[in-house]
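# Examination of the molecular architecture
Residue-level listing of the chains:
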Amino acid sequence: MIRSELVNLFKGLRVSDVRDGLDWVGMPTKGSVSRDIRRVAGTKLCGPAFTVRSRPSQKAVPPGVVGDEYTTWARDYWYREVLHSPWDSELQPGDVVVLESPDLGVGEVGSYNSLDWHTKGAQGIVTSGGVRDTDELKLQGIPIFARYRNQSMTQGRVEYDTYDIPVVIGGVQVCPGDIVVADGDGVIVVPLEHAEQVARYARQEYENDKAGRRRMYEQLGWQLDDSVR
């Protein structure tokens, strides 16, 4: 099945439905990302994982480099040679950037790079690390799910490692192309090889739930909303 068709199987499904689908195919302990990774901005996302990993840096800011010298060091060395994104040209529309990041108090995802990745195709971001510029992230509205809200920049702390490899996010292995679904209930990951079967049973539970709730809406005289139509 081609990529777009596979993603469409999950269109409109909630994290709770996908959780049910994984249970139905005999994977009750798989897929659910740690509850520590929560929504920071945006609403929902559903798409194939584009995996990236960063690592603690052993490179330090040179002694005595401050002020304008620090500006030059950060711009010409750190962001050009150390923390760069050679992978972002490979993003495809609808990708979910899944970033395995160490916990070093760093806001590795911020208002600038998240928007840059979005312009290149990413629909949203899930990270085991931290974000900063939280108010701007909320205004931009790109779906972002993260473990921490931090303040520090990356210099001398975190650097890019590799991409397009299995990563671990919130206790769950995520491989390139796995289906990532996220909403107010958190984040869940469906292994690519099980995606069609999981989607089938997730859709079954979603439609049953929606039909039952719609009947109760009508009984109560409530106006139908998008969750029951």
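These lines cover the structure that appears in this document, whether it is placed above or below.

The rules behind the values
Residues numbered from 1 in each chain as written. Predicted model: local features only at pLDDT ≥ 70, side-chain atom pairs only at ≥ 80, totals over all residues. Heavy atoms only, no water. Axes fitted to C-alpha atoms, helices over the stretch in contact; angles between N-to-C directions. Helix = DSSP H or I, 4+ residues; strand = E, 2+ residues; numbered from the N terminus. Parallel < 35°, antiparallel > 145°, perpendicular 65-115°, else oblique. Left-handed = near helix turned anticlockwise from the far one by under 90°. Contact = heavy atoms within 4.5 Å. Nonpolar A, V, L, I, M, F, W, Y, C, P; charged D, E, K, R; others polar. 1 Å grid on protein atoms, 1.4 Å probe; cavity = no way out; pocket = protein on both sides within 12 Å on 5 of 7 lines; lining within 4 Å. Points joined across faces, edges and corners; volume = space filled by probe spheres on them. Buried < 20%, exposed > 50% of the residue type's maximum accessible area, 1.4 Å probe, protein only. Pairing = 2+ DSSP bridges. Phe/Tyr/Trp six-rings, centres within 6.5 Å; stacked < 30°, edge-to-face > 60°.

## What to know about the packing of helix H2 (residues 15-24) against helix H6 (residues 195-220)
- Packing of H2 against H6 brings their axes to within 7 Å, and their N-to-C directions diverge by 125 degrees. Between H2 and H6, the angle is such that the two are oblique. Like other packed secondary-structure pairs, H2 and H6 cross with a definite hand, here right-handed. Contacts from Asp-17, Val-18, Asp-20, Gly-21, Leu-22 and Trp-24 in H2 reach Val-198, Tyr-201, Ala-202, Gln-204, Glu-205 and Tyr-206 in H6.
- Of the residues belonging to the contact of H2 with H6, the class tally is seven nonpolar, two polar and three charged.

## Some words on the layout of surface pockets
- Each pocket or cavity is described by its volume, and for the largest pocket that value is around 520 Å³.
- Lining the largest pocket we find 25 residues, and of these Tyr-79, Leu-83, Glu-108, Asn-113 and Thr-154 sit closest to its centre.
- Elements with a contribution of two residues or more to the lining of the largest pocket: strand S2 (45-56), strand S4 (107-109) and helix H4 (111-119).
- When its residues are assigned to classes, the lining of the largest pocket shows 10 nonpolar, eight polar and seven charged.

## Examining the pairing of S2
- Summarising burial for S2: nine of the 12 residues are buried, a large majority.
- Direction of pairing for S2 relative to strand S10 (residues 179-183): antiparallel, over a ladder of four bridges. From the neighbouring strand, Leu-45 faces S10, where its bridge partner is Ala-182.
- The pairing of S2 with strand S3 (residues 96-100) spans five bridges and is classified as parallel.

## With respect to the packing of aromatic side chains
- Counted under the stated rule, the structure contains seven aromatic pairs.
- Where Trp-73 meets Tyr-77, the ring centres are 5.9 Å apart and the plane angle is 40 degrees; that geometry is what we call tilted. Here Tyr-77 and Trp-73 lie together in helix H3 (residues 67-82), a separation of four residues that amounts to about one turn.
- Judged by relative accessible area, Tyr-77 falls into the partly exposed class, the value being 26%.
- Through a chain of ring-to-ring contacts, the aromatic side chains of Phe-50, Trp-87, Trp-117 and Tyr-163 assemble into a single cluster.

## Brief notes about unusual backbone geometry
- A positive phi angle is found at Asp-133, which is not glycine, with a value near 60 degrees.
- With respect to the secondary-structure elements, Asp-133 resides in the loop between strand S5 (124-131) and helix H5 (134-140).
- One non-glycine residue, Asp-164, adopts positive backbone phi at about 60 degrees.
- Mapped onto the fold, Asp-164 is located in the loop between strand S7 (158-163) and strand S8 (167-169).

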